[in-house]
Amino acid sequence: MSSATRYNAQETESKWQEVWASRRTFEACEDPDKPKYYVLEMFPYPSGRIHMGHVRNYTLGDVIARFKRAKGFSVLHPMGWDAFGLPAENAARDQKIHPAEWTYGNIANMRDELKAMGLSLDWSRELATCHPGYYEHQQKLILDMFEQGLIYRRESWVNWDPVDHTVLANEQVIDGRGWRSGALVEKRKLSQWFFRITAFADDLLEALGDLERWPPQVRTMQQNWIGRSEGLTMSFEICGREDTLEVYTTRHDTIFGASFMALSADHPLAGEVGDQDEGAAEFIAECHRMGTSEEAIETAEKKGYNTGLRVAHPFLEGKELPVYIANFVLMEYGTGAIFGCPAHDQRDLDFARKYELPVVPVVIPSGTDSASFSVEDEAYLETSDVVLGNSEFLDGLSVEAAKEEIANRLTSVGKGERTVNYRLRDWGASRQRYWGCPIPVIHCEACGIVPVPETDLPVELPDDVTFDKPGNPLDEHMAWRQVDCPNCGQPSLRETDTLDTFVDSSWYFARFCSPRAEIPVDRTAIDYWMPVDQYIGGIEHAILHLLYSRFFMRAMKQCSHLGFDEPFAGLFTQGMVCHETYRDGEGNWLYPEEVSQGSDGKSVHVESGLPVVVGRSESMSKSKKNVVDPSSIIGRFGADTARWFMLSDSPPERDLEWTDSGVSGAWRFVQRMWRLVDELKDLAGPVDAVVQDGSVGSAGELRRATHQTIAAVEEDIEAFRFNKAVARIYEYVNTLGGWSPGQAGDLSSADAAALREALDTLVQLVGPMMPHLGEELWQVLGHETLLADTPWPAFEAELIEDESVTIGIQVSGKLRGTIELARDTEEEAVREAALAHDNVRKSIGDRAVRKVIVVPNRIVNVVL
RNA sequence: GCGGGCGUGGCGAAAUGGUAGACGCAACGGACUUAAAAUCCGUUGGGCGUAAGCCCGUGCUGGUUCGAGUCCAGCCGCCCGCACCA
């Protein structure tokens, strides 16, 4: 290697990728002599190309996987494909290509792209959820769960496009209209399959407390999502009728402030009113045009319809409350009916102002006169330092005491029941679509719902389908649908709903432990590998995917497939990859490569030379064209450069700004590493050089830097602070570049050995981040082993602390100077040195020193 | 609307309640070169000052503390999720 040679990333990277593959370096095995470590990144949807979000995700995981490997763990690091889902059907419709062909083509391409990244993946375990070899086991799990009562069927609402005659996903509903037809979307009731996730609500909530290596905010989000509340179910007598209206509330203390009742449009009583009252029917229909998402409901203008019905206030003789149907009450939560207390709930207040209903404050700040306290445009939400008022026998009580009193009084007369309620709803898993896992049941007129016998699994999707008609092609495929009932033998029909793709992703990590087993999971393998030690993915999955997976493990445990509850011991949520956005004069989005810097530094369109409007940086998305293709970056600079850039600068949990200059900085560092090792390798001692003890002189100085860097990088990797690990490596390279040994020419044996240790260490530290460069330099340094098989260097504790410290001196909190002292200098000596400092004396002047605060090895503050 | 987060130089950022801006990028000055690229050296939060040094500065307004980017309260802006996108 001559010093004129530049590092050839493309050649070197494919060389080492072939070596790792042929030696099966990263194939996992259940080694009983080693601790195991299961690293998993969220598997990708095979959209066709990898994007920068994938590059970031898999780089983070690969650093951990390679680092843990070097630390002596038996590592499992697999990869697969979340391969069912809507886009394949859209492609089928738009491009006349079969979903399977489209999906497997995309997988083939993305596999190549991922392989070019040099990830330490065990490709022998690859799986795709759309493959019958995967979903037949999922069908087995579904049968078992059905038997256990964990899956059931009931009616629920879907978004219905009345023109296309098809069910729409929430994202396909835009401003209340179907995305293709433009027709106003209706809600429609269908019989659908549900997972009984609410059966585990308490356990899913309780167990969050033990997930110590999860981000606290994710645990909080899940906790709020499950939304356990302790409240009261109250019965209100409906005036002039025999029946009652049931209401769930957590604010029964505010009952004397109640001024109306509100029913969900789907409440049976609302339906009853609608049957006789055209206005009510029209209002209910309007509610049904709102779409099914909670967001749509919550952000819509609050509206109601007065049914004319009234209920009796439970404590105020003769007081009656009007009953409205309201568009903001959810049938799925509580009893689908509420009492409205406008003074202490913003939504109720807005509603009351609109329909001119009374607003009576019943919770008032302590020490305030209840007659003078009023609520105007903002509901009063405080519950501490308050007392009840305008509330008869509750007056003067705290919120808690008032709740107790109301609950006691109502339960004793059978008009109330203390109830624990959850916001969490059962998981609706039916999809009226082709490209998903078939639900293995048969509908028989005589026997009802009959599970497909296990021996008949898998129920495979038929290949011969077309997408020219709207709706689910399975409904039209009579040859596939018609089967004899396994029970009575009569002609019957298959279920045509397929499963939500969240089901596929709720257990794939378990399947990775034994991907070719003839049962869903092999107990020996799963007991060895699970749980996943480090799971890595986007924050957007903080609730649903993770909660469903946690449920699935519990359900599989109940079906005796495995013996644990929690799938992910450690979780890391990464930020997004962002890029500036560009638009031309007409507002059309432009790709980054269509934009260049003009001579005056302003951005112009490459072809036309016209000015370009540079927008703020946003998450990379195809629709805004602010995307950079990973393959072109890897093709130009190599995977190591892309990986290094991903790890530098931005902390991984935060959004990362993709910049060309950042990439070229990473590229320059690759070259710098290469040159540095090239220049110094002949000065370094032999591979087996023995470092000499002691921390003095040029060798000692270098060894100190080496061991400090090992300790820092190791700690930063363990804590997912890769940007800091990178910064430490930069500092170390700066140190190495500027290091002057004790003698020029032939180094002393101490210097040569220290340099050998330093170069080896540098390459080892960089290895998990830039594995190809690491492997190449390892070879250049004369090693005959693979870096990938080399243990992580151990640091020597006595070398990592500096002997002297710099101590800042403040006068009244303002820095006035620094002093250099031996570490752990006596407090009195520090104090004297601080007070002797020229500028400090000047700042103090002739004022009296009241106090001197000395923080050892840190700072001195002179208080005047 | 509800729930969760984030906000520090020109930019990405660092900082167990203890010297704000490590490290990188960009920019500027210099060396090398016929020239460019590459590389190397230096400067770089703002203001004042020849200098020593001083003043200001972590989204905004307050509070706690000897000391606040960090803790507390309220606001502003942006991002993620809201159950059929994955």
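Described in the following lines is the structure provided in the data block. Quick caveat: nothing in here was measured; it's all calculated off a predicted structure. (Residues numbered from 1 in each chain as written. Chains lettered and ligands numbered in written order. Predicted model: local features only at pLDDT ≥ 70, side-chain atom pairs only at ≥ 80, totals over all residues. Heavy atoms only, no water.)

### Details of the overall build of chain A
Here is step 1: Tallying secondary structure elements over chain A gives 27 helices and 37 strands in all.
Here is step 2: The C-alpha extent of chain A, read off along each of the three principal axes, is 105 × 85 × 65 Å.
Here is step 3: For chain A, with 864 residues in total, the buried portion stands at 52%.
Here is step 4: For chain A, the proportion of contacts with a sequence separation of at least 24, taken over those separated by at least 6, is 71%.
Here is step 5: Of the roughly 38900 Å² that chain A leaves accessible, carbon and sulfur atoms contribute 47%.
Here is step 6: When the 85 positive and 136 negative side-chain charges of chain A are each reduced to one mean point, those points stand 3 Å apart. (Helix = DSSP H or I, 4+ residues; strand = E, 2+ residues; numbered from the N terminus. Buried < 20%, exposed > 50% of the residue type's maximum accessible area, 1.4 Å probe, protein only. Contact = heavy atoms within 4.5 Å. Areas by Shrake-Rupley, 256 points an atom, 1.4 Å probe, with all protein chains shown as cover. Lys, Arg positive; Asp, Glu negative; His and termini not counted. Charge placed at Lys NZ, Arg CZ, Asp CG, Glu CD.)

### Looking at the pairing of strand 34 (residues 804-811)
Here is step 1: Burial analysis of strand 34 places six of its eight residues in the buried class, which makes it a mostly covered element.
Here is step 2: Across eight bridges, strand 34 lies against strand 35 (residues 814-822) in antiparallel orientation. Bridge assignment links V805 to a residue of strand 35, and that residue is L821.
Here is step 3: In this antiparallel pair of consecutive strands, strand 34 and strand 35, the connection spans two residues, and S812 shows a positive phi of 50°.
Here is step 4: As paired strands, strand 34 and strand 37 (residues 859-863) are joined by four bridges and run parallel to one another. Paired with I809 across the strands is V860, a residue of strand 37. (Pairing = 2+ DSSP bridges.)

### Brief notes about helix 3 (residues 86-95)
Here is step 1: Regarding helix 3, the residues found buried are L86, A88, E89, N90, A91 and A92.
Here is step 2: Those residues of helix 3 that are buried lie in contact with helix 4 (99-115).

### What to know about the protein's contact with RNA strand B
Here is step 1: RNA strand B sits among 67 residues. The nearest are N170, R433, R616, S650 and N861.
Here is step 2: Among the atoms of RNA strand B lying within 4 Å of the protein, the sugar-phosphate backbone contributes 64%.
Here is step 3: A distance of 2.6 Å is found between a sugar or linking oxygen of RNA strand B and a backbone nitrogen or oxygen belonging to N170.
Here is step 4: Within the side chain of R654, one N or O atom sits 3.1 Å away from a phosphate oxygen of RNA strand B.
Here is step 5: The element contributing the most residues to the surface near RNA strand B is helix 23 (residues 722-738), with six residues.
Here is step 6: When its residues are assigned to classes, the surface near RNA strand B shows 22 nonpolar, 23 polar and 22 charged. (Near = heavy atom within 4 Å. Polar contact = N/O pair within 3.5 Å; in protein donor to acceptor, adjacent residues only side chain to side chain. Nonpolar A, V, L, I, M, F, W, Y, C, P; charged D, E, K, R; others polar.)

### Considering unusual backbone geometry
Here is step 1: At the junction of L457 and P458, the peptide bond is cis and its omega measures out at -5° in the coordinates.
Here is step 2: Here P458 lies in the loop between strand 22 (448-451) and helix 13 (473-476).
Here is step 3: Residue P531 is reached from M530 by a cis peptide bond, and omega for that bond is 0°.
Here is step 4: With respect to the secondary-structure elements, P531 resides in the loop between helix 17 (523-529) and strand 26 (534-538).
Here is step 5: The residue R24 is not glycine, and still its phi comes out positive at about 50°.
Here is step 6: Its place among the elements puts R24 in the loop between helix 1 (9-22) and strand 1 (36-41).
Here is step 7: Even without glycine at this site, H165 takes up a positive phi of about 50°.
Here is step 8: Tracing the sequence through the fold places H165 in the loop between strand 5 (151-161) and strand 6 (166-168).

### Examining the packing of aromatic side chains
Here is step 1: For the coordinates displayed, the defined rule picks out 46 aromatic pairs.
Here is step 2: Both rings, one in F84 and one in Y135, keep their centres 5.7 Å apart while their planes meet at 40°; by these two values the pair is tilted. Of the two residues, F84 is situated in the loop between strand 3 (80-81) and helix 3 and Y135 in helix 5 (residues 132-147); the sequence distance between them amounts to 51 residues.
Here is step 3: By relative accessible area, which is 1% here, F84 ends up buried.
Here is step 4: With relative accessibility at 2%, the residue Y135 sits in the buried group.
Here is step 5: A centroid spacing of 5.1 Å and a plane angle of 75° characterise the contact between F373 and Y380, whose relative ring orientation is edge-to-face. With respect to burial, F373 and Y380 carry one shared label: buried.
Here is step 6: Among the aromatic residues, those joined into a ring-pair cluster are F195, F200, W427, F502, Y548, F551 and F552.
Here is step 7: Between R66 and the ring centre of W20, over which it is positioned, the NZ or CZ distance is 4.5 Å. (Phe/Tyr/Trp six-rings, centres within 6.5 Å; stacked < 30°, edge-to-face > 60°. Lys NZ or Arg CZ within 6 Å of the ring centre and 35° of its normal.)

### Some remarks on the state of the cysteines
Here is step 1: The tally for this structure, following the rule as stated, stands at zero disulfides.
Here is step 2: This cysteine, C559, is not joined by any disulfide, and C437 carries the nearest cysteine sulfur, 15 Å off.
Here is step 3: Under the relative-accessibility criterion, C559 is labelled buried at 13%. (Disulfide = S-S within 2.5 Å.)

### Quick word on the sheet that holds strand 15 (residues 337-340)
Strand pairing in a sheet relies on backbone hydrogen bonds, with the paired strands running either antiparallel or parallel.
Here is step 1: Read from one edge to the other, the open sheet built from four strands follows the order 13-14-12-15, with strand pairing classed as mixed. Only two strands of the sheet have a single partner each, and these edge strands are strand 13 (304-312) and strand 15. Averaged over all pairs of adjacent strands, the angle between their axes in this sheet comes to 30°, without regard to strand direction.
Here is step 2: In this sheet, strand 14 (residues 320-326) lies alongside strand 12 (residues 260-263) in parallel orientation, the contact comprising three bridges. In the sheet register, M261 faces strand 14, and the bridge partner there is V323. (Axes fitted to C-alpha atoms, helices over the stretch in contact; angles between N-to-C directions.)

### Considerations on the pattern of salt bridges
Here is step 1: Counting across every chain of the model gives 50 salt bridges.
Here is step 2: Salt-bridge contacts for D629 lead to R49; the nearest nitrogen and oxygen are separated by 3.2 Å. Residue D629 is found in the loop between strand 32 (613-619) and helix 19 (630-637), and its partner R49 is found in the loop between strand 1 and helix 2 (52-70); the two are separated by 580 residues along the sequence.
Here is step 3: Note on D629: relative accessible area 27%, which makes it partly exposed.
Here is step 4: A salt bridge links R69 to D789, with the shortest nitrogen-to-oxygen separation between them at 2.8 Å. Linking R69 in helix 2 with D789 in the loop between helix 25 (771-780) and strand 34, this pair joins segments that are 720 residues apart in sequence.
Here is step 5: The class for R69 is partly exposed, based on a relative accessible area of 24%.
Here is step 6: Residues joined in a network through salt bridges with shared partners are D203, R550, R554 and E566. (Salt bridge = Lys/Arg side-chain N within 4 Å of Asp/Glu carboxyl O.)

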